Amino acid sequence: MEKDPSMEDRKKSTRAVHLGGVKSSVYGEVVPAVFQTSTFAFPSAEEGAARFAGERPGFIYTRLANPTVRVLEEAVASLEGGSGGVAASTGMGALTTTFLALLEQGAHVVSTDSIYGATHLFLESDLSRFGVRTSFVDTSNPEILRDALGPETRLVFIETPTNPTMKITDLEAAARMAHEHGALLVVDNTFASPYLQRPLRWGADIVVHSLTKFLNGHSDVLGGMVTAKDPQLLSRLRKASSTYGSTMDPHQAWLILRGLRTLALRMERAQENALRLAQYLAGHPKVTWVRYPGLPDHPQHAVARKQMEGFGSMICFGVKNGYEGGVTLMDRVRLITLAVSLGSVESLIEHPASMTHAAVPWEERQQAGILDELVRLSVGCEDFEDLRRDLDQALSQVGK
Ligand SMILES: *Cc1c(COP(=O)(O)O)cnc(C)c1O
C-alpha cells in the first residue's frame, strides 16, 4: 500500500478528506474497497512461507491484517503523526491491548484520576489481579504527577481533556517526567481527536482512540486505534493485537473511513457551537459553573491554548438544585438527545452522577470533581440557535 508523499505537506483537513494520502485502489476506485474476506490465498508455498516470515509484504489472515483496515490505520496514523496504526474492534479493545502488551507483573501505572469508566475498571479490577498496580492522580497538576512516579512505573496514562471534568494535563511536561523515569507516555486522545491535539508532537509515545466518537462521528459504529511513532513499539502492539484478537472487521473500517472524511467539517462546526453555548451557559442563572477549555476562566486555559489547536465540543457544567437539577434537565431536553457517548453530529447530554459514574462511590466522585450537579454535553453540528433554545426551555424547568 503506497502513500502520496505530498500529503505530508498538506493541511489536516485535506489529509482527513484524502485519508492521509493512502493509495489503495485496485481498479481506480475513488473510495477504498471493502475487502470482506477472512483469509488470503498464497500463489505458492514459497510465497506463503515468505509472508509468514515477514520477508515479503502481503496479507495472510484478517485477524493479522486486512487491506481495508490498513487504509484506516494509515489514515489515522497520518493525522496523528505516527509511523502506523493498529486498529481494534472497540476503543476498549485498543486500550486493553496496549496495557496487556506493555505491562508485566509488578509494574506500576500512573493514571489520570478521572478517566473513562471502563478503563478505570480494567486498571483497578483486572490488571490488579495480575500484580499491576495503578495510582490514580490529578495529572493536571505536574507536582502531583511527579510525586506519583516511582522506579516500577512503566506507563503514564493520561486523558486530556478528562471525562467528564474537562481537566487538562500538560502533555509536554508529562512526557518529560515519564521519560526521566524510563516510563512511556500513553494518551487517550478520544476527547480532542487528532484534529485538535496531536500528543506525539509533545513527546507522547502512544496515542489511543475510541474511533466510536469524533473520528467516526455518526453514533453508528464502534472502533479503536493505537498509533505510535516508534516502529518497533508499533510492531510489538501489532503482534499483541493479533494474538489477543480484538481485531477490527473490514466493514467496520470502511464505515469509519466514510465518517473520517468529514472530520474537519464536523469538528469546526461543533466547536464553534460549543464555544457559543459555553458562553451562553456561563451567563445563565440556573447554571452554577461552566468548564470549557476555550473559556478564559478554565484553570488550565493556558495549557489548552498551548497544546490544542481548538477547544473542542465537550462542555461540562453545574446546574442549580444538585442531583435533582441534573435529572430534571435530562428529562426536559427535547432536541438534544439524552444518551451516553459523544463526538457525533447530533448533540448528546448525560448526567454522570446518575449514569456513567453512578457506580463510583460518592466520596470518590467528589474527590475527582464529578459533582452531583455536573452535566456533560457533547455539542453536535445542529444550528446554534436551536441548541440554545432547547437548553433554555429545559433549564427553565430546573428547580421549579
Ligand atoms: C468511549 C471511550 C472509550 C471506549 O471506547 P469504546 O469504543 O466504547 O470501546 C475510551 N476512552 C474514552 C475517553 C472514551 O470516550
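Quick caveat, the model's predicted, so the values are computed rather than measured.

Caption draft 1: Representation of the domain arrangement of the protein. Looking at the protein, the domain boundaries give domain 1 (7-260) and domain 2 (264-395). The straight-line distance from the C-alpha centre of domain 1 to that of domain 2 is 26 Å. At the interface, 36 residues of domain 1 touch 36 residues of domain 2. Regarding the contact of domain 1 and domain 2, the summed buried area is about 3,000 Å², with carbon and sulfur atoms giving 57% of it. Across the domain 1-domain 2 interface, the total number found is 5 salt bridges. For Arg201, the salt bridge is made with Glu309, and the minimal N-O distance between the two is 3.6 Å. At the junction of domain 1 and domain 2, the tally comes to 18 residue pairs in polar contact (both at pLDDT 80 or more). Elements supplying a minimum of two residues to the side of domain 1 that touches domain 2: helix 1 (12-17), helix 7 (171-180) and helix 9 (250-260).

Caption draft 2: Quick peek at unusual backbone geometry. Put simply, Thr160 and Pro161 share a cis peptide bond, and its omega is -5°. With respect to the helices and strands, Pro161 occurs in the loop between strand 6 (153-159) and helix 7. The step from Asn163 to Pro164 runs through a cis peptide bond, and the omega angle for that step is 0°. Assignment of secondary structure puts Pro164 in the loop between strand 6 and helix 7. The backbone of Ser193 shows a phi angle near 70°, a positive value even though the residue is not glycine.

Caption draft 3: Here's a closer look at helix 2 (residues 45-52). Glu47, Gly48, Ala50 and Arg51 are the residues of helix 2 that are buried. Seen along its axis, helix 2 keeps its buried residues to an arc of 165°; they face one direction. Facing away from the buried side of helix 2, by more than 90 degrees, are the exposed residues Ala45 and Phe52. Positive phi shows up at Gly54, right after helix 2, with a value of about 75°.

Caption draft 4: Summary view of empty space enclosed by the protein. Per the counting criterion, the structure on display carries 3 cavities of 30 Å³ or more. There is about 70 Å³ of room inside the largest cavity. Considering the residues around the largest cavity, the lining is formed by 13 residues, among which Arg63, Leu64, Glu73, Arg238 and Thr247 are closest to the centre. Among the elements of the structure, helix 3 (67-80), strand 3 (84-88) and helix 8 (231-244) are those that each provide at least two residues to the lining of the largest cavity. For the lining of the largest cavity, the element with the most residues is helix 8, which contributes 3 residues. When the residues that make up the lining of the largest cavity are grouped by side-chain class, the tally is 5 nonpolar, 5 polar and 3 charged.

Caption draft 5: The arrangement of the sheet that holds strand 3 in detail. Spatially, 3-9-8-7-6-4-5 is the arrangement adopted by the 7 strands of the open sheet, whose pairing is mixed. Both outer strands of the open sheet, strand 3 and strand 5 (133-137), are each paired with one neighbouring strand and no more. Strand-to-strand, the axes of this sheet are offset by a mean angle of 20°, without reference to chain direction. When strand 7 (residues 184-188) meets strand 8 (residues 206-210), the two strands line up parallel, connected through 3 bridges. Counted as the bridge partner of Asp188 is Val208 from strand 8.

Caption draft 6: Structural detail: the sheet that holds strand 12 (residues 337-338). One open sheet holds the 5 strands; their spatial order is 10-11-14-13-12, and the pairing between them is mixed. Two strands close off the open sheet at either side, each with one partner strand: strand 10 (287-291) and strand 12. Strand direction decides the pairing type here: strand 13 (residues 348-350) and strand 14 (residues 374-378), joined by 3 bridges, are antiparallel. Paired with Leu348 across the bridge in strand 14 is Ser378.

Caption draft 7: Region of the structure containing the site of the ligand. Residues in close proximity to the ligand total 13 residues, the closest being Gly91, Met92, Asp188, Thr212 and Lys213. The contact in question runs from an oxygen atom of the ligand to an N or O atom on the backbone of Gly91, over 2.9 Å. Note that an oxygen atom of the ligand is positioned 2.8 Å from one of the backbone N or O atoms of Met92. When isolated, the ligand has an accessible area of 380 Å², and the protein chains bury 93% of it. The element best represented in the shell around the ligand is helix 4 (residues 91-102), accounting for 3 residues. Classifying every residue of the shell around the ligand gives 4 nonpolar, 6 polar and 3 charged.

The rules behind each value
Residues numbered from 1 in each chain as written. Predicted model: local features only at pLDDT ≥ 70, side-chain atom pairs only at ≥ 80, totals over all residues. Heavy atoms only, no water. Domains from an automatic or database assignment. Contact = heavy atoms within 4.5 Å. Buried area = accessible area lost by both parts, 1.4 Å probe. Salt bridge = Lys/Arg side-chain N within 4 Å of Asp/Glu carboxyl O. Polar contact = N/O pair within 3.5 Å; in protein donor to acceptor, adjacent residues only side chain to side chain. Helix = DSSP H or I, 4+ residues; strand = E, 2+ residues; numbered from the N terminus. Buried < 20%, exposed > 50% of the residue type's maximum accessible area, 1.4 Å probe, protein only. Arc of directions from axis to C-beta. 1 Å grid on protein atoms, 1.4 Å probe; cavity = no way out; pocket = protein on both sides within 12 Å on 5 of 7 lines; lining within 4 Å. Points joined across faces, edges and corners; volume = space filled by probe spheres on them. Nonpolar A, V, L, I, M, F, W, Y, C, P; charged D, E, K, R; others polar. Pairing = 2+ DSSP bridges. Axes fitted to C-alpha atoms, helices over the stretch in contact; angles between N-to-C directions. Near = heavy atom within 4 Å. Areas by Shrake-Rupley, 256 points an atom, 1.4 Å probe, with all protein chains shown as cover.

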